[in-house]
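For reference, the chains in residue letters:
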Amino acid sequence: MIRTGIVIVSYNTCDLLRDCLRSVFARTDRQTEGGFRVVVVDNGSEDGSAQMVRREFPETLCVEAEENLGFGRANNLGVERLEALYGRAEYLFFLNPDTVLLNDAVGILAGFLDRRPEAAVAGGNLYGADGVSPAQSFSPVHGLGWELTGLMPEGFKRLVWPAGTWFNYGTEPRRVGYVSGADLMVRREALDGKPAFDPDFFMYYEDMELCVRLRRDGWGVWSVPQARIVHLAGQSCAVSKRKFRMLSEAKYIYYGKVRGRFYARAVYALTQAGYRCHERLGRLTRNAAKSGRYGAWAAANRSAWRHFTEGI
């Protein structure tokens, strides 16, 4: 049995992955009983990521997927291969390749779960590239109220979603809705022998679904601010059309699973009406950028909803 299994899924992130692995081996305490093991699942990269891992980090298990499995399925594969080789892990730490540990985040999160037997999930504070700027580390669980707030003006959103909604500015751990999949540690026992991530998700929302599932089973989800990690993706606010559609598709899968099909339909109706309203406001105010952006989002949202309903 190993104490912590660290699972990293990579897709064409060779340089970022190298920095991530260097930080893991430099910052993580190797003296802890049971130690830690690392597995990298390469999702069909074409930038030499797998070769780099085998050459520069020979102690890391490298698994090459035959195709791009997406986030959840690749992580599940990593757990399967890691435990087949080294035995069952007490804790599983899912870590993005675009992260850099600033301290022994692995040991800190595992230590927190040791002291809190009722907790299933723990995540640290995420920071931007400078290691200082706060980045989204967790969030409340999404629902209709969340979707409605997201359609409101920025000033209103800042009132409803203050800075503490995403980041733990305090010094004490606290319960949260869900922890970002960029640095999510889960108690293996809490999974009850099942895969961590639902394979129906390709990318996005699988971390939220996991946390909701465990919370419904009576477990706690926590933010632990002492664990500090840089997350480079947190620096980008731009959302491409492709990413927006992928987010929308995952969103409807999520709502369908945790709230039911009719709830998912209500979310679609609300968001679609909101996007069209903003599109029209853009036209009325001669704001071509706003009109074009929300028009594109409405089209992508409609396409994502159709894709979701066809798969039911």
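Preceding block: the structure.
Residues numbered from 1 in each chain as written. Predicted model: local features only at pLDDT ≥ 70, side-chain atom pairs only at ≥ 80, totals over all residues. Heavy atoms only, no water.

Caption draft 1: Fine view of the packing of helix α1 (residues 14–27) against helix α2 (residues 49–56). Interhelical geometry of α1 versus α2 gives an angle of 30 degrees and a closest axis separation of 9 Å. Comparing the axis directions of α1 and α2 gives the class roughly parallel. For the pair α1 and α2, the sense of crossing is right-handed. Contacts between α1 and α2 pair C14, L17, R18, L21 and R22 from the former with S49, M52, V53, R55 and E56 from the latter. (Axes fitted to C-alpha atoms, helices over the stretch in contact; angles between N-to-C directions. Helix = DSSP H or I, 4+ residues; strand = E, 2+ residues; numbered from the N terminus. Parallel < 35°, antiparallel > 145°, perpendicular 65-115°, else oblique. Left-handed = near helix turned anticlockwise from the far one by under 90°. Contact = heavy atoms within 4.5 Å.)

Caption draft 2: Focus on the pattern of salt bridges. Applying the stated rule across the entire model yields 17 salt bridges. Shared partners join several salt bridges into a network, and the residues in it are D15, R18, R55 and E56. (Salt bridge = Lys/Arg side-chain N within 4 Å of Asp/Glu carboxyl O.)

Caption draft 3: Structural context of α1. With 14 residues, α1 extends 20 Å from end C-alpha to end C-alpha; this agrees with the ideal 20 Å at 1.5 Å per step. Within the sequence span of α1, burial applies to C14, L17, R18, C20, L21, S23, V24 and F25. Buried positions along α1 lie against β1 (2–10), β2 (36–42), α2, β4 (89–95) and β5 (99–101). (Expected span 1.5 Å × (residues − 1). Buried < 20%, exposed > 50% of the residue type's maximum accessible area, 1.4 Å probe, protein only.)

Caption draft 4: Broad picture of the packing of aromatic side chains. All chains considered together, the criterion is met by 23 aromatic pairs. Ring plane angle 65 degrees and centroid distance 4.8 Å describe the contact between F94 and F197, whose orientation is recorded as edge-to-face. Of this pair, F94 sits in strand β4 while F197 sits in the loop between β11 (183–187) and α7 (206–216); the two residues are 103 residues apart in sequence, bridging distant segments of the chain. You can call F94 buried: its relative accessible area is 0%. Owing to a relative accessible area of 1%, F197 belongs among the buried residues under this scheme. (Phe/Tyr/Trp six-rings, centres within 6.5 Å; stacked < 30°, edge-to-face > 60°.)

Caption draft 5: Highlighting a nonpolar patch on the surface. Among the surface-exposed residues, F156, L159 and V160 lie close enough to one another that they form a single nonpolar patch of about 300 Å² accessible area. By the element assignment, F156 lies in helix α6 (residues 154–160). (Patch = residues over 30% accessible without salt bridge, like charges linked within 9 Å, V, L, I, M, F, W, Y side chains within 5 Å. Areas by Shrake-Rupley, 256 points an atom, 1.4 Å probe, with all protein chains shown as cover.)

Caption draft 6: Highlighting helix α10 (residues 288–311). Taking 1.5 Å of rise per residue, the 24 residues of α10 would be expected to cover 34 Å, and the 35 Å separating its terminal C-alpha atoms lies within 8% of that figure. By the burial criterion, the buried members of α10 are S291, Y294, G295, A298, A300, N301, A304, W305 and F308. Residues of α10 that are buried sit in contact with α8 (241–258) and α9 (261–284).

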